[in-house]
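# Descriptive analysis of the structure
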Amino acid sequence: MIRALKLFRAELVRSVLLALRYPIELFIGLFIMYILFMGLFLGARSLVRDPQVLSASLDGFIISYVMWFFVISALGRLAHHIESEAQMGVLEQIFLTYPRVLALMMIRSAVDFITSLLMVVVLLVCIMASTGKWLAIGTGNILQILFLLIVTVAGIYGFGLIFAGLALVFKRIGQVGTIMQFAFFFLAYFPAEQISGWLKVAFYSLPLTLGVSLIKTVVVEQSTVFDGTRPWLLLGLVINSAVYLLIGSAVFLICERKSRIDGRLGQY
Amino acid sequence: MAGTTDQQDAFRLEGLAKTFYPILPWHRHRAVEAVRGIDLKVPRGCIFSLLGPNGAGKTTTIKIIAGLILPTRGRVVFYDRDGSELRSRPRLGAVLEGSRNLYWRLSPLENLYYFGELKGLSLTQIRREADELLEMFDLTKKARASTQTLSRGMQQKVAVAVALLGKPEILLLDEPTLGLDVESSRLIQKRLRELVERDGRTIILTTHMMELAARVADRIGILSEGELIAEDSLPNLVAFFRQQNYELQLPRSEWERLRNDVSAFRFTEERSSDDEEVRITFHLDSREGFYKLSELLLSRRPQFITISQVTPSLEDIFLQITQHYAGRKGDEA
Ligand SMILES: Nc1ncnc2c1ncn2[C@@H]1O[C@H](COP(=O)(O)OP(=O)(O)OP(=O)(O)O)[C@@H](O)[C@H]1O
Ligand SMILES: [Mg+2]
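Source: prediction; values computed, not measured.

## Here's the deal with the layout of surface pockets
Residues and elements named next belong to chain A. When its volume is computed, the largest pocket comes out at roughly 1,600 Å³. Lining the largest pocket are 48 residues, and of these Glu25, Arg77, His80, His81 and Asp112 lie nearest its centre. Elements with a contribution of two residues or more to the lining of the largest pocket: α1 (2-21), α2 (23-47), α3 (51-88), α5 (101-131) and α7 (174-189). Its residues assigned to classes, the lining of the largest pocket comprises 27 nonpolar, 12 polar and 9 charged.

Next comes the structure, spelled out in structure tokens:
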């Protein structure tokens, strides 16, 4: 455990140092996400004339968007780092120094989650200030939200591990990641609450969907999912994320082995 | 010179082989046999140099030892200081792609800290070792500069310093002095020697630079097309090849008379500048060869100027072995 914390510190320091060397990248990323949101928002406003309807659905709209922000980073960041580290030549040094690479990837995911969270706070404040719509996030529900957020995003990191593994074997996979981001955009926005029956169960077994809808319950409806009246929802979310995380880990391990067999950790 | 057999082994390669298969199954016929069954014992506390032409399998072998490539057959066995077999790979240090084994956007010190923490060292331990290592490689002044602004040689030294963190028993270096100036190269050599002599560490290094290998290595292994075709200490290799290389100097007219009779032997010829004399170096496979050659020559009664045993340089040995080996392969085919 202490070892994990130390690794966490090492990864955190490394990623903060690297980010600070090139702060422009960070700013541009945030700025693009902000512009994109405002584009979507203004577009929606011109379509939905009724201000009341617009206001009612805006919370959900913002939440889905912010969740998608997490998705982008969770899906692609690990793989992106592996690609560039393989190209630099530093990946082999990492594998040699810390051979339990899956554990290292998990720690990197945690670091990445925290940096994403900080960026989301900035993005969210900008968005809320621009739209005048302040989400009901406060001391009362912040812990519930964080819990739901962490569990939901953990499932997405499962997909991140799959891409990281594929990056180990195939090196250039950036394109696939981009396409997946759009698939997740759809999942973040799909109004799963409005369907019912088996279709709903099927839909909730996809990543992201259940988590987003639970977070909306807490933030938009100001209700709670922790009062024990619907325990299967929380249980479902935990199982959902655990399964994707497990699948991701398994795929990563297979790919790691494959890349050690093919000798593709370095430049070759 | 180290490298006697009574030394304990640091590790052994047992029937190590590696074939790379292309990712697409229908390209399997393009498989590359990079390493073809290497057996080797590397004694503790020595510098072992792997030599071989391009594509001989040096890098592949080193990466298998490092655990970065899984072998197709065979295994690497590591031993601890009292000679018992280790269950897993001990901590290794490696510089495999030279200066590229670092984060270029971080400073040398930051690289040392990051990799030190990955190795599980405590911060105080890292601080102490980092100071020592930076001092050792003359990098203290550049400790906080961005690594990408350093010269190639300095980057290379940083990479070696990172590899030495945590005092690994075994150090693997792939072309550690490639592209370095004489001074940096000498400094690295000197430090490596100290590590071996003072701390009894074991170093495996590949290189194309024969002078480097001749100067620092206690033992030398020559790889060709994935096979280890010679392996011994440098003095033994030289002594062995001394017995196999004979040089004749004689007038050109004499040589023309003899030439056809000795065509069964392998030799190289060199003419003097006035074209009056030739110098022939015979490469013989065994003592027998020497007796046969002498008999033949004596029966012709040439007017010798000189005949002498040649002390080959490592480069001569290398060329002779690899060429001879390639020739034999060609004959088989
Ligand atoms: N990951 C890989 N996938 C496929 N083939 C490979 C891979 N790595 C090496 N090879 C092939 O294996 C053979 C041995 O390569 P290796 O890099 O071990 O040689 P080397 O002795 O280090 O050569 P050099 O002196 O050029 O560095 C070469 O034919 C090379 O093309
Ligand atoms: Mg090589």
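## What about unusual backbone geometry?
Residue and element names in this part refer to chain B. Backbone geometry at Glu175 places phi at a positive 50 degrees, although glycine is not the residue there. Residue position: Glu175 is located in the loop between β6 (170-174) and α5 (182-199). Look at Glu175 and you get buried, because its relative accessible area is 15%. With a phi angle near 45 degrees, Glu225 is a residue other than glycine that sits in the positive phi range. Along the chain, Glu225 turns up in the loop between β8 (219-224) and β9 (227-233).

## Thoughts on the sheet that holds strand β10 (residues 245-251) of chain B
All names here are of chain B. Reading across the sheet, the 4 strands line up as β11-β12-β10-β13 and stay open at both edges, with antiparallel pairing between neighbours. In this open sheet, the two strands that pair with only one neighbour each are β11 (266-271) and β13 (306-309). Each strand axis lies, on average, 20 degrees off the axis of its neighbour in the sheet, ignoring direction. By the bridge criterion, 6 bridges tie β11 to strand β12 (residues 277-283) in an arrangement that is antiparallel. Bridged to Phe267 within β12 is Phe282.

## Thoughts on the packing of helix α6 (residues 142-170) of chain A against helix α9 (residues 209-219) of chain A
Residues and elements named next belong to chain A. At a minimum axis separation of 9 Å, α6 and α9 run at an interaxial angle of 170 degrees. Classed by the angle they form, the pair α6 and α9 counts as roughly antiparallel. Between α6, through Gln144, Ile145, Leu148, Leu149 and Thr152, and α9, the contact on the second element is made entirely by Gly211, Val212, Leu214, Ile215, Val218 and Val219. Classifying every residue of the contact of α6 with α9 by side-chain character gives 8 nonpolar, 3 polar and no charged.

## Comments concerning the sheet that holds strand β7 (residues 202-206) of chain B
All names here are of chain B. Pairing is mixed in the open sheet, where 6 strands are placed in the order β5-β6-β7-β3-β8-β9. Strands with a single pairing partner mark the edges of an open sheet, and in this sheet they are β5 (92-95) and β9. Ignoring strand direction, the axes of neighbouring strands in this sheet form an average angle of 15 degrees. With 5 bridges joining them, β6 and β7 adopt parallel strand pairing. Within β7, the position partnered with Asp174 by the bridge is Thr206.

Scoring rules and cut-offs
- Residues numbered from 1 in each chain as written.
- Chains lettered and ligands numbered in written order.
- Predicted model: local features only at pLDDT ≥ 70, side-chain atom pairs only at ≥ 80, totals over all residues.
- Heavy atoms only, no water.
- 1 Å grid on protein atoms, 1.4 Å probe; cavity = no way out; pocket = protein on both sides within 12 Å on 5 of 7 lines; lining within 4 Å.
- Points joined across faces, edges and corners; volume = space filled by probe spheres on them.
- Helix = DSSP H or I, 4+ residues; strand = E, 2+ residues; numbered from the N terminus.
- Nonpolar A, V, L, I, M, F, W, Y, C, P; charged D, E, K, R; others polar.
- Buried < 20%, exposed > 50% of the residue type's maximum accessible area, 1.4 Å probe, protein only.
- Pairing = 2+ DSSP bridges.
- Axes fitted to C-alpha atoms, helices over the stretch in contact; angles between N-to-C directions.
- Parallel < 35°, antiparallel > 145°, perpendicular 65-115°, else oblique.
- Contact = heavy atoms within 4.5 Å.

By themselves, these observations are geometric and do not establish any function.
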